[in-house]
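The lines below spell out each chain.
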Protein chains: 2
Amino acid sequence: MREAAATTTGLDRLTPVFDRISAIGARPGEGVTRLAASAEDGAARAIFAEWMTQGGARMEQDAIGNQFACFDWAGETAPWIFAGSHLDTQPRGGRFDGTFGVLAAGCGALALLSDIRGGGFKPASNLAVVNWTNEEGARYQPSLTGSGVFSGALPLVQALALRDGAGIELKAALAAIGISGATQNLPPRPHAYVELHVEQGRILAEAGCRIGVVEGTWAARKITATWIGRAAHTGPTPMADRRDALLAAAQGIAGFEAVTAQTYPHLHRSAARLVVEPNSPNVVVERATVWFELRGLDTAELDRAGQAVLALFAKAATDTGTRLEIAADMLRVPAEMDAGLMALVGETARSAGFEPLTMRSVAGHDAVALQNGGIASTLIFVPSVDGIAHHPDEFTHPEALQAGLTVLEGVLRRLVAGPAGGGQKA
Amino acid sequence: MREAAATTTGLDRLTPVFDRISAIGARPGEGVTRLAASAEDGAARAIFAEWMTQGGARMEQDAIGNQFACFDWAGETAPWIFAGSHLDTQPRGGRFDGTFGVLAAGCGALALLSDIRGGGFKPASNLAVVNWTNEEGARYQPSLTGSGVFSGALPLVQALALRDGAGIELKAALAAIGISGATQNLPPRPHAYVELHVEQGRILAEAGCRIGVVEGTWAARKITATWIGRAAHTGPTPMADRRDALLAAAQGIAGFEAVTAQTYPHLHRSAARLVVEPNSPNVVVERATVWFELRGLDTAELDRAGQAVLALFAKAATDTGTRLEIAADMLRVPAEMDAGLMALVGETARSAGFEPLTMRSVAGHDAVALQNGGIASTLIFVPSVDGIAHHPDEFTHPEALQAGLTVLEGVLRRLVAGPAGGGQKA
């Protein structure tokens, strides 16, 4: 019956703080712009910390700015459970992506704490609610920065040295919002990590399900290509003398789509960021950098497709008299999520009356970075209307939010109750 | 013999102030970045004003920020002669482009003033040395903003409302460097305008000439196209659902070059500025705006070529499910420079020992805007090594600078001596 009680109070707990954070970086009709380590991110972090502190948590943060709201329920030697997501957004993003997962984890923690204080629940683990830095990768690339550093995939010094489009180092941006160095009493690597997220696709809606259990993800190959030409006047400079980096990039982008659509039509593919220098109407472009992505299940296929597009990029350089530099060429392998935790989520969902759908995620998430870093992790999805993501129209119905809150709280209850992951059932 | 004396002192006058202004916005290996109405532009304007004031000029400025160093030599009812160019640069531009013309005009004015004070020269006109605002069009489009407003082609309110890439209005940018509104005693429309500029091409060097007299310019068609798609997650969003504005822009840029190179190979063509929103690696691009240029002598041909590329842009929109908006489509007609002034420049050059080359300019210049606005104008070129322009390597040899200074001073001497344009010879 405790889960039923949580069902009635979950949205009540969530709504006030969710509304407060949703207002940070919001503009009418333009969604929410809360880029990692921006002033808006700092303001959202402060609200989260205040809310968790008032709820009884001890706030800690590591050197990359990951926030941990720590509930020391079971003593120093007890294992830790983490739950969370991220508070940063895309430019003109939605308000659910990431933020819902962080605050849902906070609601779960507060519900458990209430039961602990009431004597109805005895924890065997400590719990931390986590906000991971720069999940989106909008301002700093690569994405999944905070969870990548925590799980060991990305060296801290490398992450702190990342630069945004204006040349500002992540270290300096974090310092500007008051984050410099780690606090003294960080929680250790957790026994398990749980993340609740909106789906960013239409699979759940089309299946008529409110709860998805992610079994794994697609792989992604991310290639950053720079073409280097030579600045010159766009007027008098003879055409034969020009080395136009934007023309090369345009041929690269158009060719990338043409080749992959023809040979690998089931791969998801994009070129979504482009930086042009000097970007003046009267100066032939000297440097153009494009961020390309290919996503699919089969890494061998991504390898073949990647070789084909690299050859095409080189041809664009030759044809335009420019020089090609591949600044990054990264393969994110497909993750296989923890089977025991998947079973636990499924069982919890069913006990709450939701038949879960086992599914794959195309997108990466912090849970994927942690799972690939050796931390048993699980990723729970709730449906997003029309699958809209990274757009102001992103929306999830309150009934679906509540379903997610209920299942997440139930999973945390089971995990915190016992280090084996199953444990005491409420 | 007075011209011979000027020959020996022109570079001496020029060098100290040229070096001071060249340092504003300069970075090693990156040339000079002194965008219109930036802090750097403000600093360069202050040096120019100080130099001219110390030389005896009265400084005035109009509402668009054009600076006039006024020498009231011939009384309130006498006609005015203007000479000048611009102090703004492209990003990572050269130090000669524009700045040399302004300072050369200042040197000419100071040489005449010296002779007036010595009693050897009697002026019949007043003279203003002018710095036109935002000639380059790098930060604000269209280019030739200050001269366009002065000559009547561009309404002042429209010019002040231009926005840069960060959304800052030109009016606000000017106010930030202390320019708001016109001063009280502006000079009237001049009898003639003279501009000295580096060539930005190789015609003079290949002909072995130090002085070019511009008879006219090419026409230019400038089209600003925006493709509007829809932001979405680059991962899970099904390919069939995507409306990718950057893909459309890339097809537009690549197609623009392919079509014009095949059908109109002698036109100069470029796409040199591109603005992408939201420009995050994980968001399908919602808006992409590209600045295209076509330049040639024949406006009918530019009309046909323009229609062909507009059709191609529309097809790129259809093929990508995006919507095309043409934000600007402007034809700059070919200018024919003032024949009387050309003859005067030619005669002056020959009397100084330089055989002038009559030539066309592909690029626009402030002199072209004024000539098209009904002000008799002349444009004098000196050679630029290898024709390099809008690049840190831009360079003109001191001997060529001196040739330009000598001819410009001689032309000003003749113009100021008599309103008929020929007049008293020193």
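Computed from a predicted structure; not experimentally measured.

**Student:** Just checking my understanding: could you explain the side chain of B:Asn66 for this structure?
**Tutor:** All names here are of chain B. As for its position among the elements, Asn 66 is in the loop between strand 1 (58-61) and strand 2 (67-71). You can call Asn 66 buried: its relative accessible area is 0%. Separated by 2.9 Å, the side chain of Asn 66 and the backbone nitrogen of Thr 133 make a polar contact. When neighbours within four sequence positions are excluded, Asn 66 is seen to be in contact with Glu 60, Gln 61, Asn 131, Trp 132, Thr 133, Gly 146, Ser 147 and Phe 150.

**Student:** Looking at this model, I keep getting lost on the pattern of salt bridges. Mind explaining?
**Tutor:** A side chain of one charge can pair with a side chain of the opposite charge if their charged atoms are brought near each other. Residues and elements named next belong to chain A. A complete count under the given rule lists 48 salt bridges over all chains for this structure. Taking the shortest distance from any N to any O, the salt bridge between Glu 409 and Arg 413 comes out at 2.6 Å. With a gap of four residues between them, Glu 409 and Arg 413 both fall in helix 12 (residues 398-417), about one helical turn apart.

**Student:** Just checking my understanding: could you explain the interface of chain B and chain A for this structure?
**Tutor:** It is common to report an interface's size as the accessible area lost on association of the parts. Facing 59 residues of chain B, the contacting portion of chain A comprises 59 residues. When the two sides are added together, the surface that chain B and chain A hide from each other amounts to roughly 4,900 Å², 55% of it contributed by carbon and sulfur. Note that A:Arg230 and B:Asp393 form a salt bridge whose closest N and O atoms lie 3.3 Å from each other. Those elements that provide at least two residues to the side of chain B that touches chain A are helix 8 (245-263), strand 8 (268-277) and strand 9 (287-296) of chain B. If you tally residues by element for the side of chain B that touches chain A, the top one is strand 8 of chain B, at nine residues. Among the residues forming the side of chain B that touches chain A, the class breakdown is 26 nonpolar, 17 polar and 16 charged.

**Student:** Looking at this structure, I do not really get the environment of B:Ser114. What am I missing?
**Tutor:** Residues and elements named next belong to chain B. Assignment of secondary structure puts Ser 114 in helix 3 (residues 99-117). Among the residues examined, Ser 114 registers a relative accessible area of 40% and is labelled partly exposed. Once the C-alpha coordinates of Ser 114 and Gly 55 are considered, the two residues, 59 residues apart in sequence, prove to be 9.7 Å apart.

**Student:** I tried to follow helix 8 (residues 245-263) of chain A on my own but got confused; where do I start?
**Tutor:** Side chains three or four residues apart in an α-helix point the same way, a direct result of the helix having 3.6 residues per turn. Taking 1.5 Å per residue as the helical rise, helix 8 of chain A with its 19 residues ought to reach 27 Å, and the 26 Å between its terminal C-alpha atoms agrees with that figure. Measuring from the side-chain oxygen of the N-cap residue of helix 8 of chain A to the backbone nitrogen of A:Leu246 gives 3.0 Å; that N-cap residue is A:Asp244.

**Student:** Honestly, the relation of the copies chain B and chain A in this entry has me stumped. Any pointers?
**Tutor:** Relating one copy of the chain to the other takes a rotation about an axis and a shift parallel to that axis. Mapping chain B onto chain A calls for a screw motion: a turn of 180 degrees about the axis and a shift of 0.0 Å along it, with 0.0 Å RMSD after fitting. Expressed as a symmetry operation, the mapping of one chain copy onto the other fits a two-fold axis. Considering only C-alpha atoms, the part of chain B nearest the rotation axis is B:Ala250, at 2.1 Å. Comparing contact sets, 100% of the residues at the interface of chain B also lie at the interface in chain A, consistent with an isologous, same-surface contact.

**Student:** Help me understand the packing of aromatic side chains, please; the structure alone is not making it clear to me.
**Tutor:** Given two aromatic rings, one states the distance between the centres and the angle between the planes to describe the pair. In this structure the tally under the stated criterion is 30 aromatic pairs over all chains. With 5.8 Å between their ring centres and 75 degrees between their planes, B:Trp132 and B:Tyr193 make a pair best called edge-to-face. Of this pair, B:Trp132 sits in the loop between strand 4 (126-131) and helix 4 (145-151) while B:Tyr193 sits in strand 5 (residues 192-198); the two residues are 61 residues apart in sequence, bridging distant segments of the chain. A relative accessible area of 0% places B:Tyr193 in the buried class. Site record: aromatic cluster; members linked through ring pairs are A:Phe68, A:Phe82, A:Trp132, A:Phe150 and A:Tyr193. The positively charged end of A:Arg95 is found above the aromatic ring belonging to A:Phe18, 4.8 Å away from the centroid.

**Student:** Where do I start with unusual backbone geometry in this structure?
**Tutor:** Residues B:Gln141 and B:Pro142 are joined by a peptide bond in cis, for which omega reads 5 degrees. Topologically, B:Pro142 is positioned in the loop between strand 4 and helix 4. In this structure, the amide linkage connecting B:Glu277 to the following residue, B:Pro278, adopts the cis form with an omega of 0 degrees. Structurally, B:Pro278 is set in the loop between strand 8 and strand 9. Not every positive phi belongs to a glycine, and A:Asp386 is a case in point at roughly 60 degrees. Here A:Asp386 lies in the loop between strand 12 (377-382) and helix 12. Owing to a relative accessible area of 55%, A:Asp386 belongs among the exposed residues under this scheme. Positioned with a positive phi, B:Asn134 is a non-glycine residue whose angle comes to about 50 degrees. Among the structural elements, B:Asn134 can be located in the loop between strand 4 and helix 4. Residue classification places B:Asn134 among the buried positions, given a relative accessible area of 1%.

**Student:** Can you walk me through the layout of surface pockets in this structure?
**Tutor:** Rolled over the atoms, a probe with the dimensions of a water molecule shows which regions are left empty. All names here are of chain B. In this structure, the second largest pocket spans a volume of roughly 1,200 Å³. If you go around the second largest pocket, you meet 39 residues; those closest to its centre are Gln 141, Pro 142, Ser 143, Ala 328 and Met 330. Only strand 7 (219-228), strand 8, strand 9, strand 10 (323-332) and helix 11 (366-372) provide two or more residues apiece to the lining of the second largest pocket. In terms of residue class, the lining of the second largest pocket is made up of 17 nonpolar, 13 polar and nine charged.

**Student:** Before we go on, may I ask you to explain the environment of B:Leu112 in this structure?
**Tutor:** Residue and element names in this part refer to chain B. With respect to the secondary-structure elements, Leu 112 resides in helix 3. Classification of Leu 112 by relative accessible area gives buried; the value is 0%. Apart from residues no more than four positions distant in its own chain, Leu 112 is found in contact with Trp 73, Phe 121, Glu 409, Leu 412, Arg 413 and Val 416.

**Student:** For this particular structure, what's the right way to read the pairing of strand 4 (residues 126-131) of chain A?
**Tutor:** A regular strand carries its side chains on alternate faces of the sheet. Residue and element names in this part refer to chain A. Here strand 4 lies mainly inside the structure; six of its six residues are buried. Residue alternation in strand 4 divides its side chains into two sets, Asn 126, Ala 128 and Val 130 and Leu 127, Val 129 and Asn 131, and both sets are buried. Pairing of strand 2 (residues 67-71) with strand 4, which is carried by five bridges, proceeds in the antiparallel orientation. Following the sheet pairing, Phe 68 is matched in strand 4 by Val 130. Where strand 3 (residues 80-85) lies against strand 4, six bridges are found, and the strand directions are parallel. If you follow Ala 83 over to strand 4, its bridge partner there is Val 129. Chirality of the crossover, the property in question, places the unit of strand 3, helix 3 (residues 99-117) and strand 4 among those that are right-handed.

Rules used throughout
- Residues numbered from 1 in each chain as written.
- Chains lettered and ligands numbered in written order.
- Predicted model: local features only at pLDDT ≥ 70, side-chain atom pairs only at ≥ 80, totals over all residues.
- Heavy atoms only, no water.
- Helix = DSSP H or I, 4+ residues; strand = E, 2+ residues; numbered from the N terminus.
- Buried < 20%, exposed > 50% of the residue type's maximum accessible area, 1.4 Å probe, protein only.
- Polar contact = N/O pair within 3.5 Å; in protein donor to acceptor, adjacent residues only side chain to side chain.
- Contact = heavy atoms within 4.5 Å.
- Salt bridge = Lys/Arg side-chain N within 4 Å of Asp/Glu carboxyl O.
- Buried area = accessible area lost by both parts, 1.4 Å probe.
- Nonpolar A, V, L, I, M, F, W, Y, C, P; charged D, E, K, R; others polar.
- Expected span 1.5 Å × (residues − 1).
- Least-squares fit on C-alpha atoms with pLDDT ≥ 70 in both.
- Phe/Tyr/Trp six-rings, centres within 6.5 Å; stacked < 30°, edge-to-face > 60°.
- Lys NZ or Arg CZ within 6 Å of the ring centre and 35° of its normal.
- 1 Å grid on protein atoms, 1.4 Å probe; cavity = no way out; pocket = protein on both sides within 12 Å on 5 of 7 lines; lining within 4 Å.
- Points joined across faces, edges and corners; volume = space filled by probe spheres on them.
- Pairing = 2+ DSSP bridges.
- Right-handed = clockwise from strand over helix to strand, strands pointing away.

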